[in-house]
Amino acid sequence: MVSSQLTLASLASILPTVLAGFDASSQTNVAVYWGQNSYGQTTSQSRLSTYCSNTEINIIPLAFLDGITTPITNFANAGDNCTVFTGTQLLDCPQIEEDIQTCQSLGKTITLSIGGATYTEGGFSDSASAVAAANNVWSLFGSDTSTANRPFGSAVVDGFDFDLESTTQNFAPFATQLRSLMDADTSKTYYLSAAPQCVYPDAAMNDMLDGTIAFDYITIQFYNNYCGIQSFVDGSTTQTNFNFETWDTWAKQTSKNTNVKVLLGVPANTGAGSGYQTASALAPIIEYCKTFSSFGGVMMWDMSQLYENAGFLDSVYSSLGGSGSDTTSTTTATPTTTTLVTTTRASTTTTAPGTTLVPEYGQ
């Protein structure tokens, strides 16, 4: 396994441009969540580094940090290769540490996603508690690698992603502090993102999305809701339910960062979320989204679903404007563990406008 890691790392010097991370000037970014093995088979989620030589993937959010005040990490079957720090609920994951560094050497943007469908803390009691929690999260995953109980050891993530699926309080001061800590660290570029549902405004994260926080990109869940990709009307310049235009307006008029990129979030397979569309059906939707200057690419849930859906990534990447020729993109990954993951995925669908929250991912 060591030799394969060295081989992957050596590719960075050969293909530095092709193997790129998030690009704020591009409409071809592809983000794919890893860590929850939502396909649910023993062979459907391999170690992180398995996917990082894929030239069609730019961003990999690691799912999830699903406890914040009491930090909890959960990476489904990838956790089989971790131990637990004594007295905590944090995983000690040297394999993920190694793989983050390998993926970063290949130019990938690796972020940590905070929340998920099982996050139940509801935020923070006050601003001071939120700031303290942000400082702790930064110490666990940021640039000071001397801190104790770091799940990824010497690896430093490239930023943080918010996936909050229920109403919360005082997340704006938490995100503000994380943004401040990232901006103060000039050793590398960090990114802040969020994954709201397509219903606008998002009930779980509007206090962060109302112009308070400078996000670099957002990956909107255009599924599990009436405003999802299944409601797109091909050939119509005016969309009644599919509301990418609403989010483009948000980007230009409400977002603190008016150059924020908006990624089209889609299920990567039939079981990944309600409203799944084939790659061919997504092609005209992507073309429509390209007409908006905020459009930055596509987000997919999740890696395990994607790699069980042969040809999907190639076709979507081609629709975005890439070559669609990466033969590794939808090859079933070689398993590295044999423990069956007992995660479940919520698939309730909203049928009318409103603020009802639908979990993007279950655990």
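K.L.:
Just checking my understanding: could you explain the overall build of the protein for this structure?
P.N.:
From N to C terminus, the protein includes nine helices and 11 strands. By the burial criterion, 56% of the 363 residues in the protein qualify as buried. For the protein, long-range pairs separated by at least 24 residues make up 76% of all intrachain contacts whose partners lie at least 6 apart in sequence.

K.L.:
Just checking my understanding: could you explain helix H6 (residues 244–253) for this structure?
P.N.:
Note: α-helices contain 3.6 residues per turn, so residues at a spacing of three or four share the same orientation. Taken together, the buried positions of H6 are occupied by Phe244, Trp247, Asp248, Trp250 and Ala251. Burial along H6 is one-sided: seen end-on, the buried residues are contained in an arc of 155°. Looking at the buried residues of H6, the elements they touch are helix H5 (206–209), strand E9 (217–221), strand E10 (261–267), helix H7 (279–289) and strand E11 (295–301).

K.L.:
Is there a simple way to think about the state of the cysteines in this case?
P.N.:
Where two cysteines share a covalent bond between their sulfur atoms, that bond is called a disulfide. Using the criterion set out here, one finds three disulfides in the structure. The disulfide partner of Cys82 is Cys93, and the gap between their sulfur atoms is 2.2 Å. In this structure the cystine formed by Cys82 and Cys93 twists about its S-S bond by roughly 110°; its chirality is therefore right-handed. Residue Cys82 is located in the loop between strand E3 (72–73) and strand E4 (83–84), and its partner Cys93 is located in the loop between strand E5 (91–92) and helix H2 (94–105); the two are separated by 11 residues in the primary sequence. Its relative accessible area of 1% is what places Cys93 among the buried residues.

K.L.:
Just checking my understanding: could you explain the pattern of salt bridges for this structure?
P.N.:
Charged atoms that come close allow side chains of opposite charge to pair. For the structure shown, the criterion picks out seven salt bridges. In this structure, Arg179 and Asp216 form a salt bridge, with 3.0 Å as the shortest nitrogen-oxygen distance. Of this pair, Arg179 sits in helix H4 (residues 171–184) while Asp216 sits in the loop between H5 and E9, and the two are 37 residues apart along the sequence. The two residues Arg179 and Asp216 agree in class, both being buried. Here Asp248 and Lys252 are joined by a salt bridge, their closest N and O atoms 2.4 Å apart.

K.L.:
I'm lost on the environment of Gly116 in this one. Help?
P.N.:
Inspection of the secondary structure assignment puts Gly116 in strand E6 (residues 109–116). Take Gly116: its relative accessible area is 1%, and that puts it in the buried class. Along the backbone, Gly116 and Glu165 are 49 residues apart, and their C-alpha atoms lie at a distance of 6.5 Å. Not counting chain neighbours up to four residues away, the residues in contact with Gly116 comprise Phe64, Asp163 and Glu165.

K.L.:
Looking at this structure, how should I read unusual backbone geometry?
P.N.:
Trans is the prevailing form of peptide bonds, just as negative phi is the prevailing case for residues other than glycine. Cis geometry marks the peptide bond from Tyr200 to Pro201; its omega dihedral reads -5°. Among the structural elements, Pro201 can be located in the loop between strand E8 (191–194) and H5. In this structure, Asp302 follows Trp301 across a cis peptide bond, with omega equal to -20°. Residue position: Asp302 is located in the loop between E11 and helix H8 (303–306). Here Asn170, not a glycine, exhibits a phi torsion of approximately 60°, which is positive. Its place among the elements puts Asn170 in the loop between strand E7 (159–164) and H4. The class of Asn170 is partly exposed, set by a relative accessible area of 22%.

K.L.:
Please clarify how the packing of aromatic side chains should be interpreted in this entry.
P.N.:
Describing an aromatic ring pair means giving the distance of the ring centres and the angle of the ring planes. On inspection of all chains with the given rule, the structure shows 28 aromatic pairs. Between Phe222 and Phe242 the ring centres are 5.1 Å apart and the planes differ by 50°, which places this aromatic pair in the tilted class. Pair noted here: Phe222 is in the loop between E9 and H6 and Phe242 is in the loop between E9 and H6, with a separation of 20 residues, a long-range link. Exposure remark for Phe222: the relative accessible area of 0% places this residue in the buried category. Chaining the aromatic ring pairs together yields one cluster made of Phe222, Phe232, Phe242, Phe244, Tyr288, Phe292 and Phe295.

K.L.:
Whenever I open this one, the packing of H7 against helix H9 (residues 312–320) confuses me. Can you help?
P.N.:
Between two packed helices, both the angle of their axes relative to each other and the distance between the axes serve to describe the pair. H9 packs onto H7 with a crossing angle of 20° between their chain directions and a minimal axis gap of 9 Å. As the angle between them shows, H7 and H9 are arranged roughly parallel. Of the two possible hands of crossing, H7 and H9 adopt the one that is right-handed. Note on element contacts: H9 touches H7 through Phe312, Ser315, Val316, Ser319 and Leu320, opposite Ala279, Leu282, Ala283, Ile286 and Glu287. Residues that form the contact of H7 with H9 fall into these classes: seven nonpolar, two polar and one charged.

Definitions and cut-offs
- Residues numbered from 1 in each chain as written.
- Predicted model: local features only at pLDDT ≥ 70, side-chain atom pairs only at ≥ 80, totals over all residues.
- Heavy atoms only, no water.
- Helix = DSSP H or I, 4+ residues; strand = E, 2+ residues; numbered from the N terminus.
- Buried < 20%, exposed > 50% of the residue type's maximum accessible area, 1.4 Å probe, protein only.
- Contact = heavy atoms within 4.5 Å.
- Arc of directions from axis to C-beta.
- Disulfide = S-S within 2.5 Å.
- Salt bridge = Lys/Arg side-chain N within 4 Å of Asp/Glu carboxyl O.
- Phe/Tyr/Trp six-rings, centres within 6.5 Å; stacked < 30°, edge-to-face > 60°.
- Axes fitted to C-alpha atoms, helices over the stretch in contact; angles between N-to-C directions.
- Parallel < 35°, antiparallel > 145°, perpendicular 65-115°, else oblique.
- Left-handed = near helix turned anticlockwise from the far one by under 90°.
- Nonpolar A, V, L, I, M, F, W, Y, C, P; charged D, E, K, R; others polar.

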